[in-house]
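Here are the chains, one letter per residue:
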Amino acid sequence: MRIMLVEDRSGMRTLVSQMLGMLGYSEVVVAENGAKAWDKIRSEKFDLLLTDWLMPDMDGLELVQKIRQTPELGGLPILMFSAVNDPQQVRKAMAAKVDVYLPKPFKPSQLKEKIQAAMAKQLERQIEQILEGSNTFISDATNPLVIFGDTACTYQHLKQPHHANARHFLWQAVNAINATKQQIAFYAST
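Residues numbered from 1 in each chain as written. Predicted model: local features only at pLDDT ≥ 70, side-chain atom pairs only at ≥ 80, totals over all residues. Heavy atoms only, no water.

Student: Give a description of the overall build of the protein chain that names residues and reports values.
Tutor: Scanning the protein chain from N- to C-terminus turns up seven helices and five strands. Counted from the first residue to the last, the protein chain has its helices and strands arranged as β-α-β-α-β-α-β-α-β-α-α-α. The long-range share in the protein chain, meaning contacts at least 24 apart out of those at least 6 apart in sequence, stands at 63%. Summed over all atoms, the accessible surface of the protein chain reaches about 11100 Å², with 54% contributed by carbon and sulfur. (Helix = DSSP H or I, 4+ residues; strand = E, 2+ residues; numbered from the N terminus. Contact = heavy atoms within 4.5 Å. Areas by Shrake-Rupley, 256 points an atom, 1.4 Å probe, with all protein chains shown as cover.)

If you want it as C-alpha cells, here you go:
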C-alpha cells in the first residue's frame, strides 16, 4: 500500500513514518503541507492519505476538499489526525468527507485501527458505486451499452476478499463509464 503522509512538523512526520513502518507499511511518501501533497497526489498514485489538519500554505481540510472535488481522486481513503479535538471541528472534518479522524497523540495500535477503518470505508464506497450503476444505464441508438456480468453481483459477494480483482475491475469500469457520461454532457452543453 502506498501512503501519502502530510505533516508540517518534522518530528511528528518522523514519528508517524516510524509507526507506519512498524505496522508493515513501507511505501510512505511525505509532504510538509497540503500544497506540496496536492502536487504529488495529482501526479502519483496513492492508496491512502494521512494528513494533519493545521499546517501552513494549505491545511489538511483544504487538501481534503480539493481531493473530494476532483472526480478521479474522490475515492482516495483519507485519515485526518490532529490536536484539534473539539466535537464541532471534528464534525466539520467529517462533513468535508474525511473517512476517519484520529486525535493526537495516538498509539500505533490506534493508527492501525483507523487505517483499517478508512480502507473499509473505501471498500464500501466502491461496492456502492458498482451496485448503484447496475440499474441506471439507459441505452439508445446514440449511446452504446456496456454490460459487465458475473454469476452474482451482490453486496455480500463483492465484499468477499477473494473477489477483490473483480470488484476492482468493476469499480474501474463504472468510473470509466461515469467519466464518459460527464464528457458527453460537457460536449452536449457547449
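From this point, the narrative continues.
Student: So, the sheet that holds strand β2 (residues 27-31): which residues are in play, and what are the values?
Tutor: One open sheet accounts for five strands, arranged β2-β1-β3-β4-β5; its pairing is parallel. Each edge of the open sheet is held by one strand with a lone partner, namely β2 and β5 (100-103). Sheet twist, expressed as the average angle between the axes of neighbouring strands with direction ignored, equals 20°. Sitting on the sheet, helix α2 (residues 34-43) is in contact with β1 (2-6), β2 and β3 (48-52), with an inclination near 160° to β1. (Pairing = 2+ DSSP bridges. Axes fitted to C-alpha atoms, helices over the stretch in contact; angles between N-to-C directions.)

Student: Break down helix α3 (residues 60-68) for me, with residues and values.
Tutor: Looking only at α3, the buried set comprises Gly60, Leu61, Leu63, Val64, Ile67 and Arg68. Buried residues of α3, seen end-on, are gathered within an arc of 160° and therefore sit on one face of the element. Here α3 starts with a cap whose side-chain oxygen sits 3.0 Å from the backbone nitrogen of Leu61, and that cap is Asp59. (Buried < 20%, exposed > 50% of the residue type's maximum accessible area, 1.4 Å probe, protein only. Arc of directions from axis to C-beta. Polar contact = N/O pair within 3.5 Å; in protein donor to acceptor, adjacent residues only side chain to side chain.)

Student: Quick rundown of the side chain of Gln122? Include the residues and the values.
Tutor: Mapped onto the fold, Gln122 is located in helix α5 (residues 108-133). Sequence-distant contacts of Gln122, defined by excluding residues within four places in its chain, comprise Gly75 and Pro77.

Student: Can you explain the environment of Val16? Please cite residues and give values.
Tutor: As for its placement among the helices and strands, Val16 is situated in helix α1 (residues 10-22). Val16 gets classed as buried once you look at its relative accessible area, which sits at 0%. Once residues within four sequence positions are removed from consideration, Val16 is found in contact with Leu5, Leu50, Phe106 and Leu111.

Just geometry here; none of it tells us what the structure is for.
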